[in-house]
Amino acid sequence: MDSNQKASGDGLVGTQKEAALRTLVQRTGYQLIQENGQRRYGGPPPGWDGPPPERGSEIFVGKLPRDLFEDELVPLCEKFGKLYEVRMMMDFNGNNRGYAFVTFSNKQEAKAAMKQLNNYEIRNGRLLGVCASVDNCRLFVGGIPKTKKHEEILTEMRKVTDGVVDVIVYPSAADKSKNRGFAFVEYESHRAAAMARRKLLPGRIQLWGHPIAVDWAEPEVEVDEDTMATVKILYVRNLMLQTTEETIEKEFNSIKPGAVERVKKIRDYAFVHFSQREDAINARNALNGKVVDGSPIEVTLAKPVDKDSYVRYTRGTGGRGGSVLQTDYTTYSLGQVYDPTAAYLGAPVFYAPQAYAAIPGQFRFPAAKIHTGGRGLIRTPSVRGEEEQDVLFTSSVYRTGSNHLIT
């Protein structure tokens, strides 16, 4: 058998905790195969008939002790449902790399495991960090001429890469006829996105004669359906800079007079608070796409996030916070006034690589620090097995009842 691919028979010879791992595979009948820097348990499990589990069935388990293996992790995760696969990242000396991906048979089981295992004390003083894992099919591309339109960017990306589904382009806050100098490119699969990223690495390809910055964009923050069912705050995007809170309130109250409690506008987006969820839904349905002061607005439900989710998605590190990139947007200090029960994200939310802040010349965006305090939290690698640092981009966290904002 190839030494790069070890199955559950001889492949366990000489591994750490060999006896315990043999006992595990004998009990469950799952295969344990090591290849390409990871060890895979199952995938599929014995007797599995049909396609792999639905999207959302995989979780990321971080902060693993380096000498912890499947004989401990599998029994812990089995408590929450049937395991389809466990992929543990391994280093050359036989230890794990501190994280693993666990796939359940459905997303309900994954959600339950994520809720119960995040901050679970796996060993004395060692807390796990657990969050959702999603196959990434989206790239961030910076350095795009601001005069280029959606169709031009889509056509150009399809010329230089394969599998492009669409591009997401945001208009400039100051001039809606221009873009913000970057785009998010959606691919048909994670593999297609990975191949495009490799091809587009800086220095290899230019777009319209311009050097570009390319990296992974993180998926938007996912909020469970039960939580979203309680939201009565709308996120309004693509507003003109001169549009006032009074104008926004008048527009949204036109659907039902007196329904709006308050409006908070920041640059070209705003949060509109309603007293009743039904009124918020009706206003969203009626006003999404309406032209206000010459600009078609986008209206969605705001996404509530707790403190842990916020810090995780802004890549909290050791309590020092992370850089947040945004073109000429005012940034406020979070400090210790953060209210975890009242923070909202605009939707959709995407992430761009932190390295983009350091690129010289026309690429450089102002970077600001957010101080979150408290314990550092884990993040999901943007590519399975890779650990680039990413930061929040093109959206907001808004603390209701005050002026505190993170952009």
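Residues numbered from 1 in each chain as written. Predicted model: local features only at pLDDT ≥ 70, side-chain atom pairs only at ≥ 80, totals over all residues. Heavy atoms only, no water.

Colleague: So what about the overall build of the protein? Which residues, and what values?
Modeller: For the protein, the count of helices and strands is 9 helices and 28 strands. Buried positions account for 52% of the 407 residues belonging to the protein. For the protein, restricting intrachain contacts to residue pairs at least 6 apart in sequence, the fraction spanning at least 24 positions comes to 75%. Total accessible area on the protein stands at roughly 18400 Å², and carbon and sulfur atoms take up 48% of it. (Helix = DSSP H or I, 4+ residues; strand = E, 2+ residues; numbered from the N terminus. Buried < 20%, exposed > 50% of the residue type's maximum accessible area, 1.4 Å probe, protein only. Contact = heavy atoms within 4.5 Å. Areas by Shrake-Rupley, 256 points an atom, 1.4 Å probe, with all protein chains shown as cover.)

Colleague: Which residues make up the nonpolar core, and what values go with them?
Modeller: Core analysis: the biggest nonpolar cluster contains 29 residues, and I59, V61, L64, L73, L83, V102 and F104 have the highest contact counts within it. If near-sequence neighbours (up to four positions away) are discounted, V102 is found in contact with S57, E58, I59, V61, L73, C77, L83, E85 and V86. (Core = buried A, V, L, I, M, F, W, Y, C linked by side-chain atoms within 4.5 Å.)

Colleague: So what's going on with the environment of N95? Residues and values would help.
Modeller: As for its position among the elements, N95 is in the loop between strand 4 (83-90) and strand 5 (96-104). For the pair formed by N95 and F69, sequence separation is 26 residues and the distance between their alpha carbons is 8.4 Å. Among the polar contacts made by the side chain of N95, one reaches the side chain of Q16 at a distance of 2.8 Å. (Polar contact = N/O pair within 3.5 Å; in protein donor to acceptor, adjacent residues only side chain to side chain.)

Colleague: I'd like a rundown of the packing of aromatic side chains, residues and numbers included.
Modeller: One pass over the structure, following the stated rule, counts 13 aromatic pairs. Relative to Y41, the ring of Y30 has its centre 4.4 Å away and its plane inclined at 5°; by these criteria the two rings are stacked. In this pair, Y30 sits in the loop between helix 1 (18-28) and strand 1 (32-35) while Y41 sits in strand 2 (residues 38-42), placing the two residues 11 residues apart along the sequence. Relative to F274, the ring of F252 lies with its centre 6.4 Å away and its plane at 65°, an arrangement referred to as edge-to-face. Linking F252 in helix 7 (residues 245-253) with F274 in strand 17 (residues 269-274), this pair joins segments that are 22 residues apart in sequence. (Phe/Tyr/Trp six-rings, centres within 6.5 Å; stacked < 30°, edge-to-face > 60°.)

Colleague: Residue-level account of unusual backbone geometry, with values.
Modeller: G43 connects to P44 through a cis peptide bond whose omega is 5°. Relative to the assigned elements, P44 resides in the loop between strand 2 and strand 3 (58-62). Located in the positive-phi region is N119, a residue other than glycine, with phi close to 70°. Along the chain, N119 turns up in the loop between helix 3 (107-117) and strand 6 (121-123).

Colleague: Would you mind going over the sheet that holds strand 15 (residues 233-237) in detail, with residue names and values included?
Modeller: Note: strands within a sheet are paired through backbone hydrogen bonds, in either parallel or antiparallel orientation. Taking strand neighbours across the sheet as the criterion, the 4 strands line up as 16-17-15-20 in an open arrangement whose pairing is antiparallel. The open sheet terminates on both sides in strands that have one partner only, identified here as strand 16 (260-266) and strand 20 (298-301). When the angles between neighbouring strand axes are averaged without regard to direction, this sheet yields 20°. Of the pairings in the sheet, the one linking strand 15 to strand 20 comprises 4 bridges and is antiparallel in character. (Pairing = 2+ DSSP bridges. Axes fitted to C-alpha atoms, helices over the stretch in contact; angles between N-to-C directions.)

Colleague: Pulling in residues and values, what's your account of the packing of helix 1 against helix 2 (residues 70-78)?
Modeller: Look at helix 1 against helix 2: their axes get within 9 Å of each other, and the N-to-C directions meet at 35°. Facing A20, L21, L24, R27 and T28 of helix 1, the residues of helix 2 in contact are E70, D71, V74, P75 and E78. Looking at the contact of helix 1 with helix 2 residue by residue, the classes come out as 5 nonpolar, 1 polar and 4 charged. (Nonpolar A, V, L, I, M, F, W, Y, C, P; charged D, E, K, R; others polar.)

Colleague: Break down helix 1 for me, with residues and values.
Modeller: Within helix 1, the full set of buried residues consists of L21, L24, V25 and T28. Around the axis of helix 1, the buried residues are gathered within 90° of arc, so they sit on the same side. Residues of helix 1 that are exposed and point over 90 degrees away from its buried face: A19, Q26 and R27. Tucked inside the fold, the buried residues of helix 1 contact strand 1, strand 2 and helix 2. Positive backbone phi, approximately 80°, marks G29, located one or two places after helix 1. (Arc of directions from axis to C-beta.)

Colleague: So what about the pairing of strand 15? Which residues, and what values?
Modeller: Working note: regular strand, side chains alternate between the two faces of the sheet. Across the 5 residues that make up strand 15, a large majority, 5, are buried. The alternating pattern of strand 15 places I233, Y235 and R237 and L234 and V236 on opposite faces, both of which are buried. The pairing of strand 15 with strand 17 spans 5 bridges and is antiparallel. Its bridge partner lying in strand 17, Y235 is registered against F271.

Colleague: For helix 8 (residues 277-287), give the residues involved together with the corresponding values.
Modeller: The set of residues buried in helix 8 consists of D279, A280, I281, A283 and L287. In this structure, the buried residues of helix 8 make contact with strand 15, helix 7, strand 17 and strand 20. One or two steps after helix 8, the chain reaches G289, where phi turns positive at roughly 95°.

Colleague: Could you give me a rundown of the environment of A110, with the residues and numbers involved?
Modeller: Mapped onto the elements, A110 comes out in helix 3. When sequence neighbours within four positions are dropped, the list of residues in contact with A110 reads G56, S57, E58, I59 and F104.

Colleague: Hey, could you go over the sheet that holds strand 4 for me, with residue numbers and the actual values?
Modeller: Judged by pairing direction, the sheet is antiparallel, and its 6 strands sit side by side in the order 1-2-4-5-3-8 without closing on themselves. Lying at the two open borders of the sheet, with one neighbouring strand each, are strand 1 and strand 8 (129-132). Each neighbouring strand pair of the sheet contributes to a mean axis angle of 20°, computed without reference to strand direction. Note: strand 3 against strand 5, 5 bridges, orientation antiparallel. Residue pairing across strands places V61 opposite A100, the latter belonging to strand 5.

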